[in-house]
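# Report on the structure
Next come the chains, spelled out residue by residue.
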Amino acid sequence: MNLFQFSFGIYFAFVGAYLSIILARLLKQNGRLLDKMDESLRKTLEKIDEGFKKMDEEFKLAREEHRLTREEYKMMFKKLGG
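Just so you know, these numbers come straight off a predicted model, no measurement behind them. (Residues numbered from 1 in each chain as written. Predicted model: local features only at pLDDT ≥ 70, side-chain atom pairs only at ≥ 80, totals over all residues. Heavy atoms only, no water.)

### Remarks on the pattern of salt bridges
- For the structure shown, the criterion picks out 2 salt bridges.
- Between D38 and R42 there is a salt bridge whose closest N-O contact spans 2.9 Å. With D38 and R42 both in helix α1 (residues 2–80), this residue pair falls 4 residues apart, about one helical turn.
- A relative accessible area of 44% places R42 in the partly exposed class. (Salt bridge = Lys/Arg side-chain N within 4 Å of Asp/Glu carboxyl O. Helix = DSSP H or I, 4+ residues; strand = E, 2+ residues; numbered from the N terminus. Buried < 20%, exposed > 50% of the residue type's maximum accessible area, 1.4 Å probe, protein only.)

Structure, rendered in structure tokens:
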């Protein structure tokens, strides 16, 4: 019985070591995957920020053009006596 318990102990020690190696590889692979996902998300967010900055600039330009035309209308009404 002692030999039987010893052989089961060795067997489960090997199984535990094998499973720990497999789990370590899996965690390492998942870590690399998470790093790649983080990098791609960072790049996507940078592109979104650039897009919003461009939109802000275009809105500022459109607002300035609208102000100029509004001021021109005011001057025209003043000339017409309005």
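### Let's talk about the environment of M55
- Examined against the element boundaries, M55 turns out to sit in helix α1.
- M55 sits 21 residues away from L34 along the chain, and the two C-alpha atoms are 31 Å apart.

### Concerning the environment of I10
- Position of I10 relative to the elements: it lies in helix α1.
- The exposure class of I10 is partly exposed, given its relative accessible area of 34%.

### Regarding the packing of aromatic side chains
- Under the defined criterion, the tally for this structure stands at 3 aromatic pairs.
- The interplanar angle of 90 degrees and the centroid separation of 4.6 Å between the aromatic rings of F4 and F8 together place this pair among those described as edge-to-face. With F4 and F8 both in helix α1 and 4 residues apart, the pair spans about one turn of that helix.
- On the accessibility criterion, F8 (38% relative accessible area) is partly exposed.
- Ring centres of Y11 and F12 lie 5.3 Å apart, and the angle between their planes is 70 degrees; on these two criteria the pair is classed as edge-to-face.
- Judged by relative accessible area, which is 48%, Y11 ranks as partly exposed. (Phe/Tyr/Trp six-rings, centres within 6.5 Å; stacked < 30°, edge-to-face > 60°.)

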